[in-house]
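Structural characterization, general
So you can see what is in the structure, the chains are spelled out below.
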2 protein chains.
Amino acid sequence: MEIRYADRVDSIKPSAIRELLKLTQQPGVISFAGGLPAPESFPIEEMKQVSVKVLEEQGASALQYSTTEGYKPLRELIAKRMNNSGIDIKPDQILITNGSQQGLDFSGKLFINEGDVVICESPSYVGALNAFRAYMPKFVEISMDDEGMIMEDLEKALVENPKAKFIYVVPTFQNPTGRTMSIERRKKLVQLATEYKIPIIEDNPYGELNFEDTDIPPIKHFDTEGIVIYLGTFSKTFCPGLRIGWVAASPEIVRKYVLAKQGADLQVNTMTQIELYKFTEMFDFDAHVERVRNIYKSRRDAMLNTMEKEFPSNIKYTHPNGGMFTWVELPEGIDAADILKKSLEYKVAFVPGSSFYPNGGHENNFRLNYGTMTEDLIVEGIKRLGEVLRAL
Amino acid sequence: MEIRYADRVDSIKPSAIRELLKLTQQPGVISFAGGLPAPESFPIEEMKQVSVKVLEEQGASALQYSTTEGYKPLRELIAKRMNNSGIDIKPDQILITNGSQQGLDFSGKLFINEGDVVICESPSYVGALNAFRAYMPKFVEISMDDEGMIMEDLEKALVENPKAKFIYVVPTFQNPTGRTMSIERRKKLVQLATEYKIPIIEDNPYGELNFEDTDIPPIKHFDTEGIVIYLGTFSKTFCPGLRIGWVAASPEIVRKYVLAKQGADLQVNTMTQIELYKFTEMFDFDAHVERVRNIYKSRRDAMLNTMEKEFPSNIKYTHPNGGMFTWVELPEGIDAADILKKSLEYKVAFVPGSSFYPNGGHENNFRLNYGTMTEDLIVEGIKRLGEVLRAL
């Protein structure tokens, strides 16, 4: 029988990356493809103690329905941590979500009518593009350089698209490029958004994985008008399998996200929210993040040092100061998908870059994730990839 | 600053019930209002053992990202349990969701264009209505009697609305009425849906909470064309705070739900999925459900027996054979909202019925939940409510 779906179903495509991951998950493949955090960073022993404690102390409420907004002590903790990073936010401006991916879906649901313009970085996070696509927007891409979105191009786009619904950015250690927007541009971005009355969605999963001492305030830090909607997550600093993220925004805006959550799935897993909060009571969360950061820093060093030695000099790549990704640019005319085919023969995988561009093109780029593999495997994998690239 | 939301935001209203719950959660109130499962039924001690075991045996994978479709052994378990209830379904036809509420949201997302017709029971589950409203359908309500939806009225609606997108039903121990659709009507429903080529969404959270020995096969049991989309959940048989439900449908349809899940929030909490499966390995899940069932059966008996004694004879109510709700009909012209105001003075709460009718009206109905309160409190609360009703 033929089923008549809604029109938007034609826009809901399988994630190219999730499909690719199936190919690259063969045994023996050194994969720089996925965005998987390092399992060595997971606090398994601590979580055992936490789980028992939560069930002993408050088992009945941990297993029961709870409020849509989220577990209050966890929202207070998040507000406090955000305050420490320079953002003026109160616990009741926070909604707990199933990872920040759900915040992206709700952003599409709350803002996008069919045909509306969404402005984003070029390239941008493919999971966000897919979440937004379900609401059928038109994407306007803004070019980037090593300091992030180019503000002249953004202003031009705002003039041309005065009814754009929001500007989506991953300003810090961006997925996929690893780039970080400079402080000057952050200020300029907020100024432009305020002037043109277009909200900013600041997606910041990697901000706490900062390898350097320099402090980069989130874009929300510069927001005086409540124009920035901030998406955070514990997936990269703690454990992605627990699916805990959050939305922080002005009281009026966060209220809309709460209503979206109510209709979508009522609330986040109660027990997991309490466990995460209890972890921060029983253990030192900052020390945990520091351990995670050090793991990724060593892996970044292993990858970049080996790329320096093994990659031909006509191949450019970014030097991220945090996060999990570096972005490689091949000479024009070379298709990263062809390189992937070749490198899979050497049992090395990565993600070709074109799916990060909502309007296509840019086949000569690819993304490497240094977060998942151990240093030995990173060195070995990059050596093999260098061999493929040198044979071009 | 004025924010320009999507048009659908005007349709996303706060749940009247969730707002009401805040009022009724004052200390000392005997609440028949919410749909909270009995906390006495939660397996707290068992979950302590399960949590430790899962983290010991497979901690790293429990805390890591996993597939969108869900944890395979859990999908196999669900398929087996569905097979036992007379449904021919394979594990790869199952998607794990954040409670069945998420299956409702995805149903709206996948099927409803603005203005499309959704056919539902009158009254219907308010959480489903709210999930669908975000996609701006028109609701066509089908009257019910004690055997469920009236099939003549349904056929008339199908003739008048040949492009209706789906028929939404809670056929077993319905929320809010406690009614169960008869076997003859189940067969007729599938026959009509097949004839008019309109999918059925069978929402079955309460089916396993059956107090009688008679066996009622799910609607999906009669489905030979893959026209029934089945939504299940562990919220009522296990623990709602864990947010584990599922969608079971034909391979083509379930694939669409998987894509919706991918964009919406990637996957359900990995650890919780493994824990739920592990519980069924370490303990007897059927025996657990039997315990839950007995708790609700005694509470139903306490409520109905007291209503029999205390309610005036001109007040009708349903006699549910399972689930958590009974539905009260006041004489025409009496507004249940006024009765609620009065009964709150006696510290007794319930939910007025009009919000369960998508197109309004029917102010003379209300819903009583016998699932949450202990038997003593049920008897005391119904006595007080009887006093209010007798004073009419």
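1. Concerning the overall build of chain A
Per the secondary structure count, chain A includes 12 helices and 14 strands. On C-alpha atoms alone, chain A measures out to a radius of gyration of 21 Å, which is about the 21 Å that the 2.2 N^0.38 rule sets for 392 residues. Here the C-alpha coordinates of chain A stretch approximately 60 × 60 × 55 Å along the principal axes. Taking all 392 residues of chain A together, the buried fraction comes to 57%.

2. As for the packing of helix α3 (residues 72-84) of chain A against helix α9 (residues 270-282) of chain A
All names here are of chain A. Interaxial distance between α3 and α9 falls to 9 Å at its minimum, and their mutual angle equals 50 degrees. Judged by the angle between their axes, α3 and α9 are oblique. Considering the relative orientation of α3 and α9, their crossing is left-handed. Contacts from Pro73, Leu74 and Leu77 in α3 reach Gln273, Leu276, Tyr277 and Thr280 in α9. Grouping the amino acids of the contact of α3 with α9 by side-chain chemistry returns five nonpolar, two polar and no charged.

3. Points about unusual backbone geometry
Generally, phi is negative for residues other than glycine and the peptide bonds are trans, each holding for most cases. Residue Ser122(A) is joined to Pro123(A) through a cis peptide bond whose omega torsion reads 5 degrees. Relative to the assigned elements, Pro123(A) resides in the loop between β3 (117-122) and α5 (126-133). Positioned with a positive phi, His362(A) is a non-glycine residue whose angle comes to about 60 degrees. Counting through the fold element by element, His362(A) comes out in the loop between β13 (351-352) and β14 (365-369). Of note, the phi angle at Arg243(B) is positive, near 55 degrees, even though the residue is not glycine. The topology assignment puts Arg243(B) in the loop between β8 (228-233) and β9 (245-248).

4. Digging into the sheet that holds strand β13 (residues 351-352) of chain B
Residues and elements named next belong to chain B. Taken together, four strands build an open sheet; the order of strands is β10-β11-β14-β13 and the sheet is antiparallel. Each having just a single partner strand, β10 (316-317) and β13 make up the two edges of the open sheet. Sheet topology note: the β10/strand β11 (residues 325-329) ladder contains two bridges and is antiparallel. When the sheet's bridge partners are listed, Lys316 is paired in β11 with Glu329.

5. A few points about the domain arrangement of chain A
Residues and elements named next belong to chain A. Taken domain by domain, chain A comprises domain 1 (7-43 + 287-390) and domain 2 (65-282). Between the C-alpha centres of domain 1 and domain 2 there is a distance of 24 Å. Counting residues at the interface gives 32 residues for domain 1, matched by 31 residues for domain 2. Counting residues per element, the side of domain 1 that touches domain 2 draws most heavily on helix α10 (residues 285-310), at six residues. Of the residues contributing to the side of domain 1 that touches domain 2, the split by class is 14 nonpolar, 12 polar and six charged.

6. Digging into the nonpolar core
Ranked by size, the top nonpolar core spans 174 residues in total, and within it Ile200(A), Tyr257(A), Ile200(B) and Tyr257(B) carry the most contacts. Look past the residues within four positions of Tyr257(B) in its chain and what remains in contact with it is Leu95(B), Phe106(B), Leu110(B), Val247(B) and Ala249(B).

7. Examining the interface of chain A and chain B
Taken together, the contacts link 65 residues of chain A with 65 residues of chain B. At the level of secondary structure, the elements contributing two or more residues to the side of chain A that touches chain B comprise α2 (44-62), α4 (99-111), α5, α8 (251-265) and α9 of chain A. A per-element tally of the side of chain A that touches chain B places α2(A) first, with nine residues. Residue classes in the side of chain A that touches chain B are distributed as 34 nonpolar, 19 polar and 12 charged.

8. Thoughts on the sheet that holds strand β7 (residues 200-203) of chain B
All names here are of chain B. In space, the eight strands of this open sheet follow the order β2-β9-β8-β7-β6-β3-β4-β5, with mixed pairing throughout. Since the sheet does not close on itself, it has two edges, and those belong to β2 (94-97) and β5 (148-149), each with one partner. The sheet contact formed by β7 and β8 spans four bridges and is parallel. Each bridged residue has a counterpart across the sheet, and for Ile200 the counterpart in β8 is Val228. This element, helix α3 (residues 72-84), spans β2, β8 and β9 of the sheet and lies at about 115 degrees to β2. Sitting on the sheet, helix α4 (residues 99-111) is in contact with β2, β6 (166-169), β7, β8 and β9, with an inclination near 155 degrees to β8.

9. Some remarks on the environment of Thr67(B)
Assignment of secondary structure puts Thr67(B) in the loop between α2 (44-63) and α3. The sequence separation of Thr67(B) and Gln49(B) amounts to 18 residues, and the corresponding C-alpha distance is 25 Å.

10. A closer look at α3(B)
Residue and element names in this part refer to chain B. Here α3 is 13 residues long and its end C-alpha atoms lie 18 Å apart, about the 18 Å a rise of 1.5 Å per residue gives. Listed in full, the buried residues belonging to α3 are Leu74, Arg75, Ile78, Ala79 and Met82. Around the axis of α3, the buried residues are gathered within 140 degrees of arc, so they sit on the same side. Facing away from the buried surface of α3 by more than 90 degrees, the exposed residues are Lys80, Asn83 and Asn84. Buried residues along α3 sit in contact with β2, β8, β9 and α9 (270-282). Downstream of α3 by one or two residues, Gly86 has phi in the positive range, about 95 degrees.

11. Concerning the relation of the copies chain A and chain B
Each copy superposes on the other: chain A lies on chain B with an RMSD of 0.0 Å after a rotation of 180 degrees and an axial shift of 0.0 Å. Considering both components of the superposition, the chain copies are consistent with a two-fold axis. It is Ser51(A) whose C-alpha, among those of chain A, lies nearest the rotation axis, at 3.2 Å. The residues that chain A uses at the interface reappear at the interface of chain B in 100% of cases, marking a shared surface.

12. Quick look at the confidence of the model for chain A
Close reading of the predicted structure is inappropriate where its pLDDT is low. Averaged over every residue, the pLDDT of chain A is 95; the share at 70 or more is 97%. Here the predicted complex carries an ipTM of 0.96, next to a pTM of 0.97.

13. Things to note about the pairing of strand β7 (residues 200-203) of chain A
All names here are of chain A. Of the two faces of β7, the one holding Ile200 and Glu202 and the one holding Ile201 and Asp203 are both buried throughout. Note: strand β6 (residues 166-169) against β7, three bridges, orientation parallel. Along β7, the bridge assignment pairs Ile167 with Ile200. Between β6 and its parallel partner β7, the chain crosses via helix α7 (residues 183-196), and the hand of that crossover is right-handed.

14. Considerations on helix α11 (residues 336-345) of chain B
Residue and element names in this part refer to chain B. Inspection of α11 places Ala336, Ile339, Leu340 and Ser343 among the buried residues, and these make up the whole buried set. Summarising the axial view, the buried residues of α11 lie within an arc of 105 degrees, below the 170-degree limit, and thus occupy one face. Turned more than 90 degrees away from the buried face of α11 sit Lys341 and Glu345, all of them exposed. Buried residues along α11 sit in contact with β12 (348-349), β13, β14 (365-369) and α12 (375-390). In the segment just after α11, Lys347 is the residue with positive phi, at about 60 degrees.

15. Some points on the environment of His319(A)
Topologically, His319(A) is positioned in the loop between β10 (316-317) and β11 (325-329). C-alpha separation for the pair His319(A) and Phe166(A), spaced 153 residues apart in sequence, amounts to 29 Å.

16. Focus on the pairing of strand β4 (residues 138-145) of chain B
Residue and element names in this part refer to chain B. As paired elements, strand β3 (residues 117-122) and β4 share six bridges and run parallel to each other. Along β4, the bridge assignment pairs Val117 with Lys138. Note that the unit made of β3, helix α5 (residues 126-133) and β4 has a crossover that is right-handed. The turn joining β4 and β5, which pair antiparallel and follow one another in sequence, is formed by two residues.

Rules used throughout
- Residues numbered from 1 in each chain as written.
- Chains lettered and ligands numbered in written order.
- Predicted model: local features only at pLDDT ≥ 70, side-chain atom pairs only at ≥ 80, totals over all residues.
- Helix = DSSP H or I, 4+ residues; strand = E, 2+ residues; numbered from the N terminus.
- Rg over C-alpha atoms; globule rule 2.2 N^0.38 Å.
- Buried ≥ 20, exposed ≤ 12 C-beta atoms within 10 Å, placed from the backbone.
- Axes fitted to C-alpha atoms, helices over the stretch in contact; angles between N-to-C directions.
- Parallel < 35°, antiparallel > 145°, perpendicular 65-115°, else oblique.
- Left-handed = near helix turned anticlockwise from the far one by under 90°.
- Contact = placed C-beta atoms within 7 Å.
- Nonpolar A, V, L, I, M, F, W, Y, C, P; charged D, E, K, R; others polar.
- Pairing = 2+ DSSP bridges.
- Domains from an automatic or database assignment.
- Core = buried A, V, L, I, M, F, W, Y, C linked by C-beta atoms within 7 Å.
- Expected span 1.5 Å × (residues − 1).
- Arc of directions from axis to C-beta.
- Least-squares fit on C-alpha atoms with pLDDT ≥ 70 in both.
- pLDDT = per-residue confidence, 0-100.
- Right-handed = clockwise from strand over helix to strand, strands pointing away.

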